[in-house]
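Next come the chains, spelled out residue by residue.
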Amino acid sequence: MEVTVRDNNVDQALRVLKKKLQREGIYREMKMRRHNEKPSIKRAREKAEAVRRFRKLMRKRLEREGY
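Predicted model only: the values in this text are computed from it and were never measured. (Residues numbered from 1 in each chain as written. Predicted model: local features only at pLDDT ≥ 70, side-chain atom pairs only at ≥ 80, totals over all residues. Heavy atoms only, no water.)

Details of the overall build of the chain
Spelled out, the test is: In this description a helix means any DSSP run of H or I spanning at least four residues, a strand means any run of E spanning at least two, and both kinds are numbered starting from the N terminus. Radius of gyration: over C-alpha atoms. The globule rule applied is 2.2 Å multiplied by the number of residues raised to the 0.38 power. Between buried and exposed lies partly exposed: a residue is buried under 20% and exposed over 50% of the maximum accessible area for its type, with that area taken using a 1.4 Å probe on protein chains only. Only four residue types enter the tally: Lys and Arg on the positive side, Asp and Glu on the negative side; His and the chain ends are excluded. To locate a charge, take atom NZ for lysine, CZ for arginine, CG for aspartate or CD for glutamate.
Looking only at helices and strands, the chain has three helices and zero strands in total. Along the chain, helices (α) and strands (β) appear in the sequence α-α-α when read from the amino end. Rg of the C-alpha trace for the chain: 18 Å, well past the compact-globule value of 11 Å for 67 residues, more than 25% over. Taken along its principal axes, the extent of the C-alpha atoms in the chain is 50 × 40 × 15 Å. Per-residue burial over the chain gives 4% buried out of 67 residues. Charge centroids of the chain, computed over 23 positive and 10 negative side chains, lie 6 Å from each other.

What about the environment of Pro39?
When you line up the elements, Pro39 lands in helix H3 (residues 39–65). The class of Pro39 is exposed, set by a relative accessible area of 56%. Measuring from C-alpha to C-alpha, the distance between Pro39 and Val3 comes to 36 Å, with 36 residues separating the pair along the chain.

Description of a positive patch on the surface
The condition that has to hold: Here the term patch refers to residues with relative accessible area over 30% and no salt bridge, with like charges joined within 9 Å and nonpolar side chains (Val, Leu, Ile, Met, Phe, Trp, Tyr) within 5 Å. Accessible areas in this description were obtained via Shrake-Rupley with a 1.4 Å probe; residue shielding takes into account the shown protein chains only. The salt bridge definition used is simple: a Lys or Arg side-chain nitrogen within 4 Å of an Asp or Glu carboxyl oxygen.
A cluster of basic residues, Lys56, Arg59, Lys60, Arg61 and Arg64, forms a positive patch on the protein surface. Summarising the element assignment, Lys56 is placed in helix H3.

A short note on helix H1 (residues 10–24)
Formally: Here, expected helix span is obtained from the residue count minus one, scaled by 1.5 Å.
Spanning 15 residues, H1 covers 21 Å between terminal C-alpha atoms, matching the ideal 21 Å at 1.5 Å per step. One or two residues past the end of H1 sits Gly25, with phi positive at roughly 85°.

Considerations on unusual backbone geometry
Positive phi outside glycine occurs at Asp7, with the angle close to 55°. Among the structural elements, Asp7 can be located in the segment before H1. Its identity is not glycine, yet Asn8 carries a phi of approximately 55°, on the positive side. As for its position among the elements, Asn8 is in the segment before H1. For Asn8, a relative accessible area of 73% translates into the label exposed.

Dropping the structure here:
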């Protein structure tokens, strides 16, 4: 990942970098890798995340299409 510093404005470049890292999910992955996760717990978590995503999609579709 690369961010250019313009006009010696390091603070703005740091903000842009943090936003890019957040968008890519790097912070979340770092948090998950701090501790080992058992495969069964990982499967359950991923399945719950998929269910959440699907429900959110259905909620938005219902709101948009009305049925």
